[in-house]
Amino acid sequence: MKVIEIQPLTRAAFAPFGDVIEMEGAHSYPINAGKCVRYHDLAKVEAIGEEARTMISWLRGEPYAPPLELKMVERHPLGSQAFVPLTCNPFLVVAAPQTDNGPGAPVAFRTRPGQGVNIWRNVWHGILTPLDGISDFIVIDRGGKGVNLEEHFYEETFLIR
């Protein structure tokens, strides 16, 4: 079993897989007569294919406790998938690069409060994995016709700790 160490989520480390959604370092400006600050254009939402549309859902996930075994990753060929936490609990983000033979070795990230992610279209990733408590998320992804889910089962299991 290969071991994958969890690392902190940063824009630079996550750049090959998508966008980190956070206020820190984001372009911002005041709106609403100075009573509000807009943190602008934090992620690239993608939706392609027949009758494609962007949709918003609310998810409530039960927590996982590391170490975790990872056997499968998935990707969405027709749209990106953004996860914006509504609680302060961290969550685990697993992503894997594309290789000539399918997904490569996964990388694991732990979010800190105030961070979300937008996983780009066609990027291999793990399932939603809340840590430290039941957690709510707003999910922004693609609706419409077509198959927007592909799963890959690794030949070996990865241990994420």
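The paragraphs below set out a description of the structure included in this document. (Residues numbered from 1 in each chain as written. Predicted model: local features only at pLDDT ≥ 70, side-chain atom pairs only at ≥ 80, totals over all residues. Heavy atoms only, no water.)

Applying the stated criterion across every chain yields a total of 5 aromatic pairs. Here Tyr154 and Phe158 contribute two aromatic rings whose centre-to-centre distance is 4.8 Å and whose plane-to-plane angle is 80°, an arrangement assigned as edge-to-face. Note on accessibility: Tyr154 and Phe158 belong to one class, buried. Of the aromatic side chains, those joined through ring pairs into one cluster are Phe14, Phe17 and Phe109. (Phe/Tyr/Trp six-rings, centres within 6.5 Å; stacked < 30°, edge-to-face > 60°. Buried < 20%, exposed > 50% of the residue type's maximum accessible area, 1.4 Å probe, protein only.)

The next subject is the nonpolar core. If you look at the biggest cluster of nonpolar residues, it comprises 14 residues, and the most contacted ones within it are Phe14, Phe83 and Val117. Counting residues per element, the ones that place at least two in this core are strand S9 (91-96), strand S13 (116-119) and strand S16 (135-143). In terms of residues, this core owes the most to one element, S9, which gives 3 residues. Core analysis: the next-biggest nonpolar cluster, separate from the first, contains 13 residues, Val73, Ala96, Phe158 and Ile160 among them. (Core = buried A, V, L, I, M, F, W, Y, C linked by side-chain atoms within 4.5 Å. Helix = DSSP H or I, 4+ residues; strand = E, 2+ residues; numbered from the N terminus.)

Time to look at the side chain of Arg142. Among the secondary structure elements, Arg142 is positioned in strand S16. Buried within the structure, Arg142 lacks any salt-bridge partner; Glu50 is the closest side chain of opposite charge, at an N-O distance of 7.6 Å. Here the side chain of Arg142 touches Ile48 through a polar contact of 2.7 Å, landing on its backbone oxygen. Contacts of Arg142, omitting those with residues within four sequence positions, involve Glu46, Ala47, Ile48, Gly49, Glu50, Ala52, Arg53, Met55, Leu78, Gly79, Ser80 and Asn148. (Lys, Arg positive; Asp, Glu negative; His and termini not counted. Salt bridge = Lys/Arg side-chain N within 4 Å of Asp/Glu carboxyl O. Polar contact = N/O pair within 3.5 Å; in protein donor to acceptor, adjacent residues only side chain to side chain. Contact = heavy atoms within 4.5 Å.)

What follows concerns the pattern of salt bridges. Applying the stated criterion to the full structure yields 13 salt bridges. Ionic pairing is found between Lys145 and Glu51, a salt bridge with its closest N-O pair at 3.3 Å. Note that Lys145 is positioned in the loop between S16 and strand S17 (150-160) and Glu51 in the loop between strand S5 (36-39) and strand S6 (53-61), a separation of 94 residues in sequence. Exposure remark for Lys145: the relative accessible area of 43% places this residue in the partly exposed category. Salt bridges sharing common partners tie together Arg11, Glu22, Glu24 and Arg112.

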